[in-house]
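Residue-level listing of the chains:
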Amino acid sequence: MNTPVLQIQNLRKTFADFTAVDTLNFQVEEGSFFSILGPSGCGKTTLLRMIAGFLEPSSGTLLIRGKDMTTTPPNRRPVNLVFQNLALFPMMNVHENIAFGLRRQGLAGREIGQKVEAMLERVHLSGFGKKNISQLSGGQKQRVAIARSLVLEPSLLLLDEPLGALDLKLREQMKIELKKLQEEVGTTFMYITHDQSEALVMSDQVAVMNKGTFEQIDTPRNLYSNPATSFVAGFVGETNILPVQVASRRPLQVATSFGLQLHATAGIDLNDSDSLALYIRPESIILEPSDSMKHINRFLLTVQNILFDGSNTKLLATIAESDHEFTVALPQNQQFAHIAKGDHIQAGVHPESCRCFVR
Amino acid sequence: MKNHIRLSLYIFLTPVLLWLLLLIVIPHIELLIMSLKGTDDLGDPVWTLANYRHFFTEQIYWYTFVRTAVYAMLTTVLTFVVTFPVAFYITKVVSVRLSGFLTIVLLMPFWVSELVRVYGWMILLRESGVINHLLISSGLMNTPIEMLYNDISMMMGLVYTSMLFMAVPLISSLEGMDDSIIEAAHDLGASPPTIFCKIIIPYAAPGITSGSIVVFMLALGNYLTPTLMGGKNSLWFTEQIYNEFIASFNWNQGAAFGFLLLALSSIIIWAGLKLTRQELGRALS
Amino acid sequence: MKKLLFAATLAFFAMVTAAHSSETLKLLTWKGYAPQQLVEKFEQETGIKVELTYSNNEEMIAKLRATRGAGFDLAQPSQDRISSVQAQYKLYQPLDYSKINSEQLITSMLEAVKKNTKVEGASYAVPFCYGTSGLIVNTKLAPEAKDYTALLDKAYTGRISYRLKRPTLIALAFAGGDDPFAKYDDPKAYKELMDGVGAKMIEAKPYVKNYWSNGDALLEMVRSGEVTVAMGWDNGGWKLHAENSDIDFIAPKSGALGWIDTFAIPAKAKNVEAAYKWINFILKPENAAVFTNAEKYATASKGAAAHLDAEVRDNINRSFTEADIDNIKWYPPVSAKIEQIEGKILDTVKAAQ
Ligand SMILES: Nc1ncnc2c1ncn2[C@@H]1O[C@H](COP(=O)(O)OP(=O)(O)OP(=O)(O)O)[C@@H](O)[C@H]1O
Ligand SMILES: [Mg+2]
């Protein structure tokens, strides 16, 4: 197997008495789209800036293509960064912005021209070379920023929430474009975001980061269906959370404070005394399950509200005998169109979809 | 209602226009007329270009102008070289709080008049001055040396007097610069010297241009500093104009020199802008 | 609203007239020529406020020329700078000598000034004070400096200071054995003579420390020993002598340059009466003596000598022998063109490296 593009070993960064990045170990494979997903302030930018060379790690090593680059300055690393605020050069036009890095490599003028043109075409900006930065739209600036780094053919392209400043519609569109672009050029992308949908849509691998450490590194699908920690389960995708206690083991059964008993699964051994949280995804709820379904948990819901959002319509309900709110995703077909506010409705969920974590 | 607004606009504009007319346009027209007058051999007043011709035919006049212009340019360059690191340090290196404080410290000397500042320098530099005293009492020197009255001390005085006018536009243009631009350039492979030449200087160019124009004009039009600190060798073009008016009573010649100064300095600035591909409008906005 | 405006206007005018109701005398003069003590006394005696503007000959002329003789009630030009300027620009008005208390004036001096300031039959000035330009020397450090030639002497390199103004040219011309005053009316000969002087000054330029322009600054340089030979006014030398007996004013061998500063009334003076009052006031012997004791300049006031300090009387005796006094070169009226010739030469000297 090839050496990974990036290997991080025991990387730490502390500011005074605050640990921003805490002893990380991971690697990124050649050609993959690797995302780091985490809430604001969890240390994503700090990690990225260490990889780019703007911050020196407090300890640990950093290898790029197998070479130790822990102390190499940014201009000597085969790594480029697309900044959170883009940082385009306002006094240069589009062409000059993209050519900037190539000029630094001392390429001939003709070669530079060809490369810039090819890159502009790739990001759908042919003919924009002479434009000033201030004349571009938000999405176009975005693409120039990415083109400016990509044209250098870096071993690793770092992107720090590049879509953060765009409006929702454009963000959706750029997500797909970015993914396509990455597949076309084959460059390894390391993408930072606090938006789980961006991470899930685009990535081959996602690392979920919390308080300076990685909670889980996995494929988007596994993260979603097999979260390793309660943080991942809560952070990735929407979920219903119920506080529960162990009622019995083998098979595991848990009980809510209002007396509902459910079969559940847990990744680790649990103690009787643990107070637990039960995670149930809205789309794993089966409304009006047929009687033939064995081994599923059944309970009664009272419909409080219907949140219509096209393909993403949801039901807001309370579990019978309690006022505990519960979200249920409605299937696409019009099967449950008849449900109205105040209805009582049977619901079921497989024990495998009820995941317990220590609170 | 519309008339009302128009009226108030006129009312507000009137003082400005009057001011322009009374204090700038009219005196200049009078000076222009004066510069075109002279006396013929019989002593009668006539219209003539002789005052302008004199400038080019008499070596001492254009020599003084060239000298003044060269030194004013040198002042501009030196002021930039001295001020830029300070402005950069204030805006990009230190914390916001300290930068405000440092800016005030930088501006402090300019709360006193130029005359007082120049005399301050003279007290420091003169043969029986503070610096000589310190050097001798510390045993580094045996006899005092005269540090005043030469081109170096004059340049120093000019640069010192001009610093403020370079610092303010530089600080304001550097303040607007996002630090991440510098990092981006570094990330794209630029070494620190390259970043300075290709990113910081072009970014601050409008500020540099406007600062340079102001400093150049001020140095060219300065009178106090060259005469007081330059001493015996410092014939400055403004001093020549002053002498024509005051000592020689030749107001016609003095007025012509005044207009030549205006025209030639405008040409120099225009050429400077062309050479550095800057636009006046952008620099002054 | 209208009433309010009316009232405000009235109040404004009342204030303006109130401010103007007390009389003022606007005096364009030299520093030191109107001692504070005398100004206060005058204001008390007459109720007229005195407003002072300090200047020198050249600026005085330029100021009055710019306003065509307005803005001041009384000016104090040197007597030699009046007639040609008056002929060309009409800056002053003829004096009414009947209003001058001529009994308190030295008659010969009054007559000389009248003669020297005569233009088209009228005279324009009354003498006030007189003095000489010569050498201010630190006699211990420069014992050999007896004539203006010391200003060009390599022996005093870095210790020489003089004004880059016409008196220096004239002094050096005298020192070279010429009589520039005799050539005043022959511009060509005068230019030739002064070109020669200019060339000598350029040759000796390396020895000069600086060209002084401010009298106080010069005295400070002589006091500190930075300058040992300077061309300056006698009273400056005497002031320093009082502090340090090594320093003194020396009447140069080729003759001290004598000047007389006067009173002249600008053409458009507003308060002519006050101007005459001031002239008569300050030339009273006891008042003139106050001025002389402070500034060391002798005045045209006849009886002032009786009120002088002994030290002031000593000054003249120490610096001037009888022969020196006879040898004083009194400035004759400057004739046209002379100043332009001099200006050019002085510029050339300043520009020379
Ligand atoms: N120079 C610094 N000195 C002290 N603390 C810092 C410094 N830089 C960052 N931090 C802290 O480190 C933590 C992580 O910061 P970082 O910028 O990496 O967050 P982030 O994950 O990128 O957040 P966001 O999504 O908001 O950009 C934050 O709590 C921040 O306050
Ligand atoms: Mg960040």
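## Focus: the domain arrangement of chain C
Residues and elements named next belong to chain C.
- Splitting chain C by domain gives domain 1 (12-124 + 258-319) and domain 2 (131-256 + 333-351).
- Computed from C-alpha atoms alone, the centre-to-centre distance between domain 1 and domain 2 is 27 Å.
- Between domain 1 and domain 2, the residue contacts involve 17 residues of the former and 21 residues of the latter.
- In this assembly, domain 1 packs against domain 2 so that about 1,700 Å² is buried in total across both faces, 48% of it on carbon and sulfur atoms.
- Between the two partners, domain 1 and domain 2, sit 4 salt bridges.
- Between Arg166 and Asp80 there is a salt bridge, with the nearest N and O atoms lying 3.8 Å from each other.
- At the boundary of domain 1 with domain 2, the tally comes to 10 residue pairs in polar contact (both at pLDDT 80 or more).
- For the side of domain 1 that touches domain 2, the secondary structure elements donating two or more residues are α4 (83-89), β9 (257-263), α11 (285-295) and α12 (310-319).
- With 5 residues, the single largest contributor to the side of domain 1 that touches domain 2 is α12.
- The residue makeup of the side of domain 1 that touches domain 2, split by class, is 4 nonpolar, 6 polar and 7 charged.

## Structural notes on the interface of chain B and chain A
- Across the boundary between the two partners, chain B contributes 17 residues, which contact 22 residues of chain A.
- Roughly 1,600 Å² is buried in total at the junction of chain B and chain A, and carbon and sulfur atoms are behind 66% of that figure.
- Across the chain B-chain A interface, the total number found is 1 salt bridge.
- Residue Glu183(B) is joined to Arg49(A) by a salt bridge in which the shortest nitrogen-to-oxygen separation is 2.6 Å.
- Across the chain B-chain A interface, the total number found is 6 residue pairs in polar contact (both at pLDDT 80 or more).
- When contributions to the side of chain B that touches chain A are tallied by element, the ones reaching two or more residues are α8 (179-187) and α9 (192-221) of chain B.
- With 7 residues, α8(B) is the largest single contributor of residues to the side of chain B that touches chain A.
- Broken down by class, the residue content of the side of chain B that touches chain A amounts to 8 nonpolar, 5 polar and 4 charged.

## Considerations on the environment of Glu239(B)
- Looking at the element boundaries, Glu239(B) is found in helix α11 (residues 237-247).
- Measuring from C-alpha to C-alpha, the distance between Glu239(B) and Leu224(B) comes to 9.1 Å, with 15 residues separating the pair along the chain.

Parameters at a glance
- Residues numbered from 1 in each chain as written.
- Chains lettered and ligands numbered in written order.
- Predicted model: local features only at pLDDT ≥ 70, side-chain atom pairs only at ≥ 80, totals over all residues.
- Heavy atoms only, no water.
- Domains from an automatic or database assignment.
- Contact = heavy atoms within 4.5 Å.
- Buried area = accessible area lost by both parts, 1.4 Å probe.
- Salt bridge = Lys/Arg side-chain N within 4 Å of Asp/Glu carboxyl O.
- Polar contact = N/O pair within 3.5 Å; in protein donor to acceptor, adjacent residues only side chain to side chain.
- Helix = DSSP H or I, 4+ residues; strand = E, 2+ residues; numbered from the N terminus.
- Nonpolar A, V, L, I, M, F, W, Y, C, P; charged D, E, K, R; others polar.

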